[in-house]
Every structure is written in structure tokens, then in C-alpha cells.
Amino acid sequence: DATARRAREIAGAHAGRDGALLPILHDLQAEFGHIPEAARPEIADAVNISAAELHGVISFYTDFRTAPAGRRSLRLCRAEACQAMGGAALWREVLAGLGLDEFGTTPDGRLTVEPVYCLGLCACAPAAMLDGEPLGRVTADRLSAALAGAAPC
Ligand code: FES
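Residues numbered from 1 in each chain as written. Predicted model: local features only at pLDDT ≥ 70, side-chain atom pairs only at ≥ 80, totals over all residues. Heavy atoms only, no water.

Undergrad: Outline unusual backbone geometry, supporting the account with residue identities and numerical values.
TA: Peptide bonds are, in most cases, trans, and in most cases residues other than glycine have a negative phi. A cis geometry characterises the amide bond from A125 onward to P126, with omega recorded as -5°. Examined against the element boundaries, P126 turns out to sit in the loop between β3 (111-116) and β4 (128-130). (Helix = DSSP H or I, 4+ residues; strand = E, 2+ residues; numbered from the N terminus.)

Undergrad: Any chance you could break down the nonpolar core for me, citing the residues and the numbers?
TA: Within the largest apolar cluster, 17 residues are counted, with the highest numbers of intra-cluster contacts made by L74, L76, V94, V113 and L143. Mapped by element, the contributors of at least two residues to this core are β1 (72-77), α6 (87-98), β3, β4 and α7 (140-148). Examining the composition of this core, we find that 5 residues originate from one element, α6, more than from any other. Ignoring sequence-local partners within four residues, the contact set of L143 consists of L74, L76, V94, L135 and V138. If you look at the next biggest cluster of nonpolar residues, it comprises 15 residues, including A7, I24, I35 and F64. (Core = buried A, V, L, I, M, F, W, Y, C linked by side-chain atoms within 4.5 Å. Buried < 20%, exposed > 50% of the residue type's maximum accessible area, 1.4 Å probe, protein only. Contact = heavy atoms within 4.5 Å.)

Just distances and angles here, no functional claims.
Following this line, the structure appears as C-alpha cells:
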């Protein structure tokens, strides 16, 4: 199909180079917003690895999505300074409030929640980034209020 064909072109542009896999994955994500399932055989072929090895790499890097992102983006810091300020409990509370078992996108496609490892806002821990805007001293209530605000176009 068209996705596989385009993936073959992208993978082919990098094939044969050392360390081609990550640039291929970045280019695919830039084009599709995630790594489409149909692209996987093309990628594996281009860099000569198994489907299982490819899956391992895609799941290791939290930057790579396996499904399209939601309309809004929430990145919650899971690094040390934020964990010391209640970040783990906040993470659980936010996911539970959204009905998510783990990070990812809400079923209605409204919001994608992802971990991030230090936003450089440690002095304002726990920290988050909502639609690219930094938030400090985050609580579940403050997040709900921010989420209720107008979504960017
Ligand atoms: Fe969370 Fe640095 S550890 S912003």
C-alpha cells in the first residue's frame, strides 16, 4: 500500500549507511506522526534485522510512537527531582483520572500522555509540559484546570 511504499523510499534513502535505523525511524515519525505497522517490514528489510529486534528498538525509545498522537500533548516528568516531589503519585493519579492503564493516548484521541526525563524545571518540581508549554509545581487539580483551558488549534 501507499504507506509501505513511502516507508520503502524513506528506508531506502538511508539503507547501507552505518546506524541507519534511528534516522529511518525519525524520518518515518516526522512523516506519519508515528511508526506505522505497515512500515515495519520495509524498515527491517532495509537494515537487515528481525521484526523482533525492530520491535525492541521502537519500544525502547519513548520518542517513537506506535499510534497517532492525540490532539493535545501532556509530558509528565518522571526523573529524580520530580519523583522526589511526588511525581510518581501524580503520574498514577493523572493516568487513573484519564482512564489510562499506562501512558499513551486517550480512546477519544483527545490527549496523549507521555513520560519525559527532566524538563530542566527541577526547581519547580513536579514539572510537566502541556502542548509545549512548561508547567511547574503540578498537581492533578492544576493539570485538570490547564486541560480545561482552550486547546491550541
Ligand atoms: Fe523533573 Fe528535572 S527532574 S524537571
